[in-house]
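# Per-entry structural report
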Amino acid sequence: APDYDVAAIHAKWQAKWDELKPFATSDPNDKRPRKYILDMFPYPSGDLHMGHAEAYAFGDIAARYWRQRGFNVLHPIGWDSFGLPAENAAIERGIDPRGWTYDNIEQQKKSMKLYGVSFDWDRVLHTSDPEYYKWNQWLFLKMYEKGLAYRKDSWVNWDPVDQTVLANEQVLADGTSERSGAVVVKKKLTQWYLKITDYADRLLDDLNQLEGAWPSKVLSMQRNWIGRSIGADVDFEIEGAEHGSASGATAPNRTVTVFTTRPDTLYGVTFMVVAPDGDLAAELVENASDDVKASFASYLKQTQKQTEIERKDASRTKTGIPLDRFAINPVTGERIPIWAADYVLADYGHGAVMAVPAHDQRDLEFAIKFDLPVRVVLDTNAPITGAIPVLELDENGMAILPDDLPPLNPRETGTSLQGDGRMINSGPLDGLSKSNAIKKIVEQLEAAGTGRAAKTYRLRDWLISRQRFWGTPIPIIHGSDGELIPVPFDQLPVELPSTEGLDLKPKGKSPLAAAEEWINVTDPRDGSPALRDADTMDTFVDSSWYFLRFLSPNDPDKAFDQAEAEKWAPVDQYVGGVEHAILHLLYSRFITKVLFDLGYVSFTEPFSALLNQGMVLSEGKKMSKRSRKAVTFSGEIAEHGADALRLTLAFAGPPEDNINWEDVSPPASHKFLARAFRLVRDVTSAPEIEWKTGDVALRRATHRFLADGPGLAESLKFNVLVARIMDLVNTTRKVIDTGAGGEDAAVREAAEVITIALSLFAPHTAEEMWEKLGYEPTVALAGWRKADPSLLVEESVTAVVQVDGKVRDRLEVSPKIDAADLEALAMASEAVKRTVGDREIVKVIVRAPKLVNIATRQ
Ligand code: ANZ
């Protein structure tokens with residue numbers, strides 16, 4: 001359209017929004033109800049890309065929708081600005097990561113403004129600002145006070161490229177680093193951990209609250225990640241070492257506890273397996289013969305080369321070595337050999353397994369390979385339904401079972417016996433089903449003090465130390481006596497030093513350790529020389545609570561204002577990529593629960609609803625930073641304008657689906673916007689027009705749209721809502737061109753409703769239309785109109801029913817009713833039935849939708 005000047009309209013309204021601040025949320029007297037709509041904040045690596053374009057389009061549609069519904073909407077943005085890309089770029093170019101980071105932030109901020117996102121620009125935060133990371137340190141110290149932050153020495157995931165440790169969550173399924181792509185190796189280090197495992201049950205159980213509000217895929221990924229297993233801990237005595245210590249004395253017995261999900265199989269245990277890399281294995285071989293020690297040492301070396309993923313791979317050929325030590329089965333008193341094998345993991349359960357080869361596939365393969373006994377204790381061929389028969393006992397007190405089929409032999413078939421059945425070879429458990437046997441054996445173990453019901457989780461504590469520069473310094477001082485001294489709260493933040501003279505290159509040790517002036521401090525206890533902790537925090541600490549900082553982003557005295565948190569939080573709608581399904585969301589949920597326990601918030605889940613937008617693909621590939629194709633955010637905006645781009649993304653399909661850029665058309669979106677724009681040009685009536693008049697069919701269409709819109713927006717069916725706007729534009733155009741014309745009141749009404757609805761998707765165009773319609777800015781706060789219920793009922797006409805020429809009934813029917821339906825309705829009429837009685841009907845004449853004439857013979 002000649003007067004639809006895309007560039008001018010965009011520039012004009014972006015400037016107006018900066019001036020009018022219609023999206024600010026700081027007025028304390030604002031009485032509107034509240035909504036908190038949050039987009040996951042970006043990492044400032046270069047300019048925004050198409051993935052951002054999609055996510056921010058959807059978050060903005062939600063924010064703009066709720067404003068139209070009369071809500072005070074908090075829609076903030078900030079930057080997740082600590083992290084490795086900045087540091088790596090700084091190393092590459094020999095510059096300070098600060099410059100790179102804040103330059104990129106400026107660039108992205110500019111792009112967001114060009115995109116017309118309705119952020120509250122008065123609440124911006126950057127996690128790399130000391131004003132922000134001070135509160136990471138505060139949070140850390142609060143958790144340290146509560147025993148939720150601790151240091152331990154253990155095998156950690158080491159990224160050999162980035163030269164830093166990684167959390168378990170940062171190691172991909174193929175054993176590589178999600179950051180650098182390098183194969184992750186194990187390294188023993190003393191590191192800081194946050195005790196997320198204390199919250200495992202709550203993190204799991206509270207997912208039920210999110211059912212239906214979060215994508216089910218994310219819920220199940222979180223459940224699997226936490227991985228709760230229910231079973232029992234069983235204590236096995238370990239016989240003292242035979243090859244005594246140097247003094248010749250035999251080591252005393254000690255107890256080893258194993259975790260099992262199948263305590264019912266305790267009578268089928270024929271050996272024990274411990275993790276080669278656990279403390280237990282080291283202890284068991286301490287007094288061993290030189291032969292055992294040597295073979296153990298070489299097996300340990302071999303184990304350490306394996307990734308956790310490889311060790312968990314069930315298809316691998318089993319390996320292991322006997323430790324020449326023995327354990328005593330607590331219920332049978334049997335003496336069983338102890339082996340070390342890499343399929344047992346040091347940090348799961350207790351790092352030791354009671355092996356039941358008849359019923360566990362890994363144990364069976366191991367037993368077959370090393371010729372260890374296999375004893376079936378659950379007959380999976382035995383019937384388990386029906387009443388449990390009274391069993392006869394043989395001379396050994398074992399039950400004689402009325403079996404049709406003999407139990408299968410796993411050693412012959414190579415397949416362990418799974419499923420339910422009846423216990424055999426299990427003394428007092430014989431004849432019981434699996435679940436009854438579990439109940440009974442756990443009771444017995446508890447009574448004897450040799451075992452107890454127990455749970456184990458896949459979730460590990462959150463390792464937060466990073467040996468890198470560009471992150472939050474850990475606010476701990478190491479005294480010369482090894483004491484850990486928290487930096488006093490009033491000395492926070494512990495600020496990062498300047499990079500002058502610092503070599504940031506990764507070398508396995510934090511670059512901060514070499515910052516002489518920074519690292520050397522005095523011990524707060526006595527003024528003696530002491531050292532700062534040289535590591536920085538995992539940046540997922542920064543993003544675990546940022547949604548709260550937005551509520552009082554400039555508060556110098558506290559992390560966030562509790563009263564504001566009560567008003568706004570939790571987040572009503574969170575929007576972001578599914579790549580955060582585990583890490584960021586799990587950590588935020590954890591920290592929210594910690595803050596709840598500390599009394600800082602009154603809710604236990606941070607994000608009430610979650611939308612994972614799909615990806616924008618080009619030629620079937622993700623258009624991320626790494627594989628960026630010709631399609632760029634800035635390029636698309638320059639070519640089509642923000643509105644056409646946003647509309648294209650919203651119209652492409654359900655927001656959670658991926659979009660193939662080849663399948664969509666920004667030019668078509670532009671054409672539609674121009675068409676909508678021309679409607680407004682053709683409205684010739686004044687704003688103060690008398691409503692409730694004009695073309696009735698158009699009014700019905702407009703009010704049907706008003707009635708349906710909210711349901712579509714709230715169920716995030718944005719694409720359907722766009723299609724409905726397009727329909728209404730077409731209907732209105734027809735009335736202008738071939739019906740009542742641009743002066744008709746119904747045309748103005750429709751055009752105004754279209755403009756308000758379009759403000760969700762194409763806000764610049766909608767503002768210009770609103771102004772052309774004769775209103776002051778801003779259309780963003782115009783308000784969604786109420787549908788008139790009288791225009792929503794379907795139209796009806798009155799059909800007359802005559803019997804032998806006399807009117808007997810009148811029926812309200814649809815004008816579109818067909819003859820057969822109308823005849824059926826007429827025949828079903830009580831009045832007609834009464835009149836006709838048992839007379840014979842000779843003829844029925846139907847003129848739908850107005851008349852039915854029934855002739856009878858007397
Ligand atoms: C005896 C048994 C018999 C087991 C049986 C299973 C089947 P999930 O379900 O994953 O929690 N296990 C325990 N600790 C282990 C470790 N550190 N490394 C490797 N495996 C370990 O698995 C629990 C089962 O995995 C436990 O139950 C134990 O084997 C094994 F017919 O105990 B079971």
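Residues numbered from 1 in each chain as written. Predicted model: local features only at pLDDT ≥ 70, side-chain atom pairs only at ≥ 80, totals over all residues. Heavy atoms only, no water.

### Remarks on the overall build of the protein chain
For clarity, the threshold we go by: Here a strand is any run of E in DSSP of at least two residues, a helix any run of H or I of at least four, and the numbering for each starts at the N terminus. We call two residues contacting when some pair of their heavy atoms lies within 4.5 Å. To be clear on the numbers: accessible area is Shrake-Rupley with a 1.4 Å probe, and residue cover counts the displayed protein chains and nothing else. Charged-residue counts in this description rest on Lys and Arg as positive and Asp and Glu as negative, His and the chain ends being excluded. Lys charges are placed at NZ, Arg charges at CZ, Asp charges at CG and Glu charges at CD.
Each helix and strand in the protein chain was counted, giving 27 helices and 34 strands. With respect to the principal axes defined by its C-alpha atoms, the protein chain has extents near 115 × 90 × 50 Å. Summarising the internal contacts of the protein chain: among those between residues at least 6 apart in sequence, 75% fall at separations of at least 24. Accessible area for the protein chain stands at about 36700 Å²; split by element, carbon and sulfur atoms hold 51% of it. When the 99 basic and 126 acidic side-chain charges of the protein chain are each reduced to a single mean position, those positions are 5 Å apart.

### Details of the sheet that holds strand E33 (residues 840-847)
Heads up, the condition is: Should DSSP find at least two bridges between two strands, the strands are taken to pair. Helix axes are fitted to C-alpha atoms over the stretch in contact, other axes to C-alpha atoms as well, and angles between N-to-C directions run from 0 to 180 degrees.
Here four strands make up an open sheet; going across it, the order is E32-E31-E34-E33 and the pairing mixed. The open sheet has two edge strands, strand E32 (806-813) and E33, and neither has a second partner. Taking the axes of each pair of neighbouring strands and ignoring which way they run, one obtains an average angle of 20 degrees across the sheet. Across seven bridges, strand E31 (residues 797-803) lies against E32 in antiparallel orientation. Within E32, the residue paired with Thr798 across the bridge is Glu812. Sitting on the sheet, helix H26 (residues 819-828) touches E31, E32, E33 and strand E34 (851-857), and the angle it makes with E33 is about 135 degrees.

### Some remarks on empty space enclosed by the protein
Operational definition: Only protein atoms enter the 1 Å grid used here. Points where a 1.4 Å probe fits but cannot escape make up a cavity, open sets with protein on both sides within 12 Å along at least five of seven lines make up a pocket, and a residue lines them when an atom lies within 4 Å of a point. Grid points are joined across faces, edges and corners, and a volume is the space filled by probe spheres set on the points. In this classification, Asp, Glu, Lys and Arg are treated as charged, Ala, Val, Leu, Ile, Met, Phe, Trp, Tyr, Cys and Pro as nonpolar, and every other residue, Gly included, as polar.
A complete count under the given rule lists five cavities of 30 Å³ or more for this structure. Computed from the structure, the largest cavity encloses a volume of approximately 140 Å³. Taken together, 16 residues make up the lining of the largest cavity; nearest its centre are Gly83, Leu84, Arg466, Asp538 and Thr539. Of all the elements in the fold, those that place two or more residues in the lining of the largest cavity are helix H3 (84-93), strand E6 (164-166) and strand E25 (536-537). Within the lining of the largest cavity, the residues separate by chemical class into five nonpolar, six polar and five charged.

### Side note on the UniProt feature "short sequence motif: 'HIGH' region" (unreviewed entry) in the protein chain
Convention followed: UniProt positions are given in the numbering used here, feature names are shortened, and annotations may be inferred rather than shown by experiment.
According to UniProt, the positions carrying the feature "short sequence motif: 'HIGH' region" (unreviewed entry) are residues 42-52. Overall, residues 42-52 shows 27% helix and 0% strand. The separation of its end C-alpha atoms is 8 Å.

### Focus on the site of the ligand
Using the following cut-off: Neighbouring residues are identified by heavy atoms, a residue being near a molecule or strand if any of them is within 4 Å of it. Throughout this description, a polar contact denotes any pair of N or O atoms lying within 3.5 Å of each other; where both atoms belong to protein, one of them has to be capable of donating a hydrogen while the other can accept it, and for residues adjacent in sequence the pair is counted only when both atoms sit in side chains.
Among the 17 residues in the neighbourhood of the ligand, the closest are listed as Ser229, Thr260, Leu345, Tyr348 and His359. Within the side chain of Ser229, a nitrogen or oxygen atom sits 2.4 Å from an oxygen atom of the ligand. Within the complex, 84% of the 650 Å² of free accessible area of the ligand lies under protein. Looking at the shell around the ligand, the elements with two or more residues in it are strand E9 (254-260) and strand E13 (352-355). By residue class, the composition of the shell around the ligand is eight nonpolar, six polar and three charged.

### Brief notes about the packing of H3 against helix H4 (residues 97-115)
What counts here: Working rule for angles: under 35 degrees goes down as roughly parallel, over 145 as roughly antiparallel, 65 to 115 as roughly perpendicular, anything else as oblique. The hand of a helix crossing depends on one turn: near helix anticlockwise from the far one by less than a right angle means left-handed, and clockwise means right-handed.
Between H3 and H4, whose axes approach to 8 Å, the crossing angle comes to 120 degrees. If you check the angle between H3 and H4, you find them oblique. Crossing hand, H3 versus H4: right-handed. Residues Pro85, Ala86, Glu87, Ala89, Ala90 and Arg93 of H3 lie in contact with H4, whose contacting residues are Pro97, Trp100 and Thr101. Of the residues in the contact of H3 with H4, the class split is six nonpolar, one polar and two charged.

### Section: the packing of aromatic side chains
Counted only if it meets this: Aromatic pairing here means that ring centres of Phe, Tyr or Trp (its six-membered ring) are within 6.5 Å. Orientation follows from the plane angle: under 30 degrees is stacked, over 60 is edge-to-face, and everything else is tilted. Only protein chains enter the accessibility calculation, which uses a 1.4 Å probe; a residue whose area is less than 20% of its type maximum is buried, one above 50% is exposed, and one in between is partly exposed.
Per the counting criterion, the structure on display carries 34 aromatic pairs. Judged by centre distance (5.6 Å) and plane angle (90 degrees), the rings of Phe119 and Trp121 are edge-to-face. A single burial state applies to Phe119 and to Trp121, both of which are buried. For the pair Phe140 and Trp192, a centre-to-centre distance of 5.1 Å together with 80 degrees between the ring planes defines the contact as edge-to-face. Here Phe140, found in helix H5 (residues 130-145), pairs with Trp192, found in strand E7 (residues 185-194); they are 52 residues apart in sequence, far enough to count as distant. For Phe140, a relative accessible area of 2% translates into the label buried. With relative accessibility at 0%, the residue Trp192 sits in the buried group.

### Section: the layout of surface pockets
The computed volume of the second largest pocket comes to approximately 820 Å³. Counting residues per element, the ones that place at least two in the lining of the second largest pocket are strand E5 (149-159), E7, helix H8 (279-284), helix H9 (290-304), helix H10 (308-312) and strand E19 (462-463). Here the element with the most residues in the lining of the second largest pocket is E5; it accounts for seven residues. Along the lines of polarity and charge, the residues of the lining of the second largest pocket split into 12 nonpolar, nine polar and 12 charged.

### Side note on H3
Among the residues making up H3, those that are buried are Leu84, Ala86, Glu87, Ala89 and Ala90. Here the buried face of H3 lies against H4 and E6. Once H3 ends, the next one or two residues include Gly94, with phi positive near 65 degrees.

### A few points about the environment of Gln562
Here Gln562 is to be found in helix H17 (residues 562-568). With sequence-adjacent residues up to four places away left out, Gln562 is seen in contact with Gly599 and Tyr600.

### Things to note about the nonpolar core
Selection rule: Here, the term nonpolar core denotes a set of buried Ala, Val, Leu, Ile, Met, Phe, Trp, Tyr and Cys residues that are joined through side-chain atoms within 4.5 Å.
Grouped together as the largest cluster of nonpolar side chains are 89 residues, with contacts concentrated most on Trp462, Leu548 and Phe590. The contacts of Leu548, once residues within four sequence positions are left out, are Phe560, Ala565, Ala569, Leu595, Val601 and Phe603. Grouped together as the second largest cluster of nonpolar side chains are 63 residues, Trp13, Ala63, Ile725 and Leu758 included.

### A closer look at the confidence of the model for the protein chain
Keep this limit in mind: Confidence of the predictor in every single residue is expressed as pLDDT, which spans 0 to 100.
Confidence in the prediction of the protein chain, expressed as mean pLDDT, is 92, and 95% of residues score 70 or more. Per-residue pLDDT stays below 50 along residues 244-248; that stretch engages in three contacts with residues further than four places along the chain or on separate chains. Scoring the predicted complex yields pTM 0.86 and, for the interface, ipTM 0.97.

### Details of the sheet that holds strand E23 (residues 520-522)
Two orientations exist for strands paired in a sheet by backbone hydrogen bonds: parallel and antiparallel. Spatial strand order, E22-E21-E24-E23: four strands in an open sheet with antiparallel pairing. Each having just a single partner strand, strand E22 (484-486) and E23 make up the two edges of the open sheet. Sheet twist, expressed as the average angle between the axes of neighbouring strands with direction ignored, equals 45 degrees. Of the strand pairs in this sheet, E23 and strand E24 (residues 529-532) are connected by three bridges, and their pairing is antiparallel. Note that in E24 the partner of Thr522 across the bridge is Pro529.

### Comments concerning helix H7 (residues 216-226)
Heads up, the condition is: In this context, the arc is that of the directions from the helix axis out to the C-beta atoms.
Among all positions in H7, only Val218, Leu219, Gln222, Trp225 and Ile226 are buried. The buried residues of H7 occupy an angular sector of 130 degrees when the element is viewed end-on, so they sit on one face. With respect to the buried face of H7, the exposed residues turned more than 90 degrees away are Ser216, Lys217 and Asn224. Looking at the buried side of H7, the elements it contacts are helix H6 (200-205), strand E8 (228-238), strand E18 (451-457), helix H18 (583-597) and strand E27 (610-612). Once H7 ends, the next one or two residues include Gly227, with phi positive near 50 degrees.

### A look at unusual backbone geometry
Each neighbour pair has its own omega, and for Ala569 with Pro570 the value is -5 degrees, a cis peptide bond. Note the cis peptide between Ala848 and Pro849, where omega equals 0 degrees. Structurally, Pro849 is set in the loop between E33 and E34. One non-glycine residue with positive phi stands out, namely Gln163, at about 55 degrees. Along the chain, Gln163 falls in the loop between E5 and E6. Positive phi outside glycine occurs at Asp804, with the angle close to 50 degrees. Here Asp804 is to be found in the loop between E31 and E32.

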